[in-house]
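# Understanding the architecture of this molecule
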Amino acid sequence: QVPLVESGGGLVQAGGSLRLSCAISGNAFRGYTMGWFRQTPGKEREFVATINYSGSHPRYADFVKGRFTISRDNTNNTMYLQMNDLNPEDTAAYYCNRAQSTVRGFEPAFDSWGQGTQVTVSS
């Protein structure tokens, strides 16, 4: 069973919304702080948002604050990213992973990724 499966991406116009989902399986991921990351071709993967297991402490990258909301449903082992007011700079492949806090900020805990879900925002 693939431990992380992202879905919900698509093509949307600027100003539109999408809701991404991350289906979580495997003991290495359940019960831990999880996060969303994104990557565009030629650029390093970057942190988008993270949420602890209880959901009480969401954290966001500055460029998504006020537009994106991260949440999780531990009963159904699913994490979400509600993305509003999208702009073309949000175009990227979005990935979920277990997240950890480091001196450099939030980083993925594992260098193993799902297939991601593509978000494309047209102007």
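Preceding this paragraph is the structure being described.
In short, a report on the structure.

So, how was this worked out
- Residues numbered from 1 in each chain as written.
- Predicted model: local features only at pLDDT ≥ 70, side-chain atom pairs only at ≥ 80, totals over all residues.
- Heavy atoms only, no water.
- Helix = DSSP H or I, 4+ residues; strand = E, 2+ residues; numbered from the N terminus.
- Rg over C-alpha atoms; globule rule 2.2 N^0.38 Å.
- Buried < 20%, exposed > 50% of the residue type's maximum accessible area, 1.4 Å probe, protein only.
- Contact = heavy atoms within 4.5 Å.
- Areas by Shrake-Rupley, 256 points an atom, 1.4 Å probe, with all protein chains shown as cover.
- Lys, Arg positive; Asp, Glu negative; His and termini not counted.
- Charge placed at Lys NZ, Arg CZ, Asp CG, Glu CD.
- Phe/Tyr/Trp six-rings, centres within 6.5 Å; stacked < 30°, edge-to-face > 60°.
- Lys NZ or Arg CZ within 6 Å of the ring centre and 35° of its normal.
- Salt bridge = Lys/Arg side-chain N within 4 Å of Asp/Glu carboxyl O.
- Pairing = 2+ DSSP bridges.

Once that is clear, we can look at the overall build of the protein. The helix and strand tally for the protein stands at zero helices and 11 strands. Each helix and strand of the protein, ordered N terminal to C terminal, gives the series β-β-β-β-β-β-β-β-β-β-β. Taken over C-alpha atoms, the radius of gyration comes to 13 Å for the protein, in line with the 14 Å a tight globule of 123 residues would show. Expressed along its principal axes, the backbone C-alpha trace of the protein runs to roughly 40 × 30 × 30 Å. For the protein, with 123 residues in total, the buried portion stands at 39%. Across the protein, contacts joining residues at least 24 apart in sequence account for 55% of those joining residues at least 6 apart. Total accessible area computed for the protein in this model is approximately 6500 Å², and 47% of it derives from carbon and sulfur atoms. Distance between charge centroids for the protein: 6 Å, based on 11 positive and 10 negative side chains.

Glancing now at unusual backbone geometry. Unlike most non-glycine residues, N77 shows phi in positive territory, near 50°. Along the chain, N77 turns up in the loop between β7 (68–73) and β8 (78–83). According to the relative accessible area criterion, N77 is partly exposed, its value standing at 25%.

With that settled, the discussion passes to the packing of aromatic side chains. One pass over the full model with this rule turns up five aromatic pairs. Taken together, F37, F47, Y95, F106 and W113 form an aromatic cluster joined through their ring pairs. We note R45 situated over the ring of Y95; from NZ or CZ to the ring centre the distance is 4.4 Å.

Taken as a whole and judged by the stated rule, the model has five salt bridges. One salt bridge connects E46 with R38, and the closest N-O pair in it is separated by 2.7 Å. Under the relative-accessibility criterion, E46 is labelled partly exposed at 27%. Note on R38: relative accessible area 6%, which makes it buried. Residue D62 is joined to K65 by a salt bridge in which the shortest nitrogen-to-oxygen separation is 3.2 Å. For K65, a relative accessible area of 51% translates into the label exposed. Salt bridges sharing partners connect three or more residues here, namely R38, E46, R67 and D90.

To continue, consider the pairing of β8. Burial analysis of β8 places five of its six residues in the buried class, which makes it a mostly covered element. In this structure, strand β3 (residues 18–24) lies alongside β8, joined through six bridges in antiparallel fashion. By the bridge assignment for β8, C22 is matched with M79. Pairing analysis gives six bridges linking β7 to β8, with the strands arranged antiparallel. In the sheet register, D73 faces β8, and the bridge partner there is T78. Here β7 folds back onto β8 in antiparallel fashion, the turn holding four residues, of which N77 has a positive phi close to 50°.

The analysis is restricted to geometry; functional conclusions fall outside its scope.
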